[in-house]
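Take a look at the letters that make up each chain.
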Amino acid sequence: MPVSSLLDRTVRIRYLRPVLAILFVAAGLTLVAYGMGLFQREAASSPGVPEERLVPTAASGTAVASSWLTETVPSHFPSARTDSEGGLYAPRDRIGFVAPMQDVERYDVAQLGAGWHISCQRGQDPVPSAGMECAQLVGSIGGVPASDLATLGEVAASNPGKLWLVGNEPDVIWQLNATPEEYADLYHNVYQALKEADPTCQVAIGGISQVTPLRLRYLDEIMAVYERSYGEPMPVDVWNIHLAILREERGTWGVDIPPGMPDDAGMLYEIEDNGDVELLKGQVVAFRRWMAERGLRNKPLIVTEFSILMPPEYGFPVQRVQSFMLEAFDFFMTASDEDLGYSPDGDRLVQRWAWYSAADTIYATGNLFDPDTGQITALGETFAVYAGSWQ
């Protein structure tokens, strides 16, 4: 072997060993860092937290009619703009939206004509000039952690009379992800902190993702656990639901199975069902009946999240979403039932509702504003025209 080649090989070996040693040390430090959670940027990538999969990755399958909603949807609600009087709220004050990205100030939301929104940040309204009421979601939008009860009390005392929503979708494993026992304890602690700080505040239960037999059983279990633990019925000022219309099946797309429930499947909704407004109406009636059967009829009911979550390419172009929105809005505004509805509000089934959403980069089908340009969308214009028709 030539001397030059031997020298080259000796140099390579000489420097290769420290380089390999450095690499081994770096690999070891990386494993330690991962073990300490230093590189876990978001909860969805952490061990034990499932990846969110509300929407299937491919538009496969055939729509299957869902049969459990045997309730008769009230037919005595007019579409004419004459049934807006005699209730607790002016029509505009019933109509709202969710701003999930904490950037609502980017948009000219005043042009929507809404009466309220869910985007309070530490009790403060980020768009006070829009003239809307602002609700606060504990533990999510606005950065008020449910675990920090002292801070929560301070915020409540500084912003009296607010509506507080305790958690978001406790029944969904990639949202609040709470067993009935965990949610009952959380609700009790937050409720007590809020009421001690501000007796005038209104506290709403966290909205379940949708109204189905499985999720009503989950709510029943929460209420039973609360009463066993604290010796009194669960105090809820405002009842709150979401109307997602998504599949309930362990390990697949949709909203999966509520934490702590033994079932492997519930309502096996298909993609097409996500835009079925009759299913949405049926869920409202079913929840109002559930309330009445438990002596809760004379409590207000709000819908704090509903929309079409499937992307347009799955068969949901903007025209279909507009029709879904308008029919749902009309139903919420006027549907009443003398046996199920809220008596102080003219027996209406729903007192207030919030569309999802102002803008979302993941579930964008219902966007009222373009998150890139900040401009109102065609759907946002539809929302504004509807709200304006009630002025």
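Residues numbered from 1 in each chain as written. Predicted model: local features only at pLDDT ≥ 70, side-chain atom pairs only at ≥ 80, totals over all residues. Heavy atoms only, no water.

(A) Quick peek at the overall build of the protein. Secondary structure summary: the protein contains eight helices and eight strands in total. Among the 391 residues that make up the protein, the fraction classed as buried is 52%. Summed over all atoms, the accessible surface of the protein reaches about 17500 Å², with 53% contributed by carbon and sulfur. (Helix = DSSP H or I, 4+ residues; strand = E, 2+ residues; numbered from the N terminus. Buried < 20%, exposed > 50% of the residue type's maximum accessible area, 1.4 Å probe, protein only. Areas by Shrake-Rupley, 256 points an atom, 1.4 Å probe, with all protein chains shown as cover.)

(B) A look at the state of the cysteines. Enumeration over the complete set of coordinates arrives at one disulfide. At a sulfur-sulfur separation of 2.4 Å, the disulfide partner of C120 is C134. Here C120, found in the loop between β2 (116-118) and β3 (133-138), pairs with C134, found in strand β3; they are 14 residues apart in sequence, far enough to count as distant. An identical accessibility class is assigned to C120 and C134; each is buried. (Disulfide = S-S within 2.5 Å.)

(C) Fine view of the nonpolar core. The biggest cluster of nonpolar side chains holds 112 residues, and the ones touching the most others in it are W239, F306 and F332. Setting aside chain neighbours within four positions, we find F332 in contact with L243, L280, V284, V303, F306, V350 and W353. (Core = buried A, V, L, I, M, F, W, Y, C linked by side-chain atoms within 4.5 Å. Contact = heavy atoms within 4.5 Å.)

(D) Fine view of helix α8 (residues 378-389). In this model α8 runs 17 Å from its N-terminal to its C-terminal C-alpha over 12 residues, within 8% of the 16 Å that 1.5 Å per residue would give. Looking only at α8, the buried set comprises L379, G380, T382, F383, A384, Y386 and A387. Looking at the buried residues of α8, the elements they touch are β1 (95-98), α7 (318-334) and β8 (352-356). (Expected span 1.5 Å × (residues − 1).)

(E) Local environment of the sheet that holds β1. Pairing is parallel in the open sheet, where eight strands are placed in the order β5-β4-β3-β2-β1-β8-β7-β6. For this open sheet the edge positions go to β5 (202-205) and β6 (239-243), each flanked by a neighbour on one side alone. When strand polarity is set aside, the average angle formed by the axes of neighbouring strands in this sheet is 25 degrees. Pairing analysis gives three bridges linking strand β7 (residues 301-306) to β8, with the strands arranged parallel. Bridge pairing links V303 to W353 in β8. Sitting on the sheet, α7 touches β1, β6, β7 and β8, and the angle it makes with β8 is about 170 degrees. (Pairing = 2+ DSSP bridges. Axes fitted to C-alpha atoms, helices over the stretch in contact; angles between N-to-C directions.)

(F) A look at the pairing of β8. Of all five residues that make up β8, five are buried, and the element is covered over most of its length. Sheet analysis places β1 next to β8, joined by four bridges and oriented parallel. Opposite F97, over in β8, you have W355 as the bridge partner. Between the parallel pair β7 and β8, the chain is carried across by α7, and the sense of this crossover is right-handed. (Right-handed = clockwise from strand over helix to strand, strands pointing away.)

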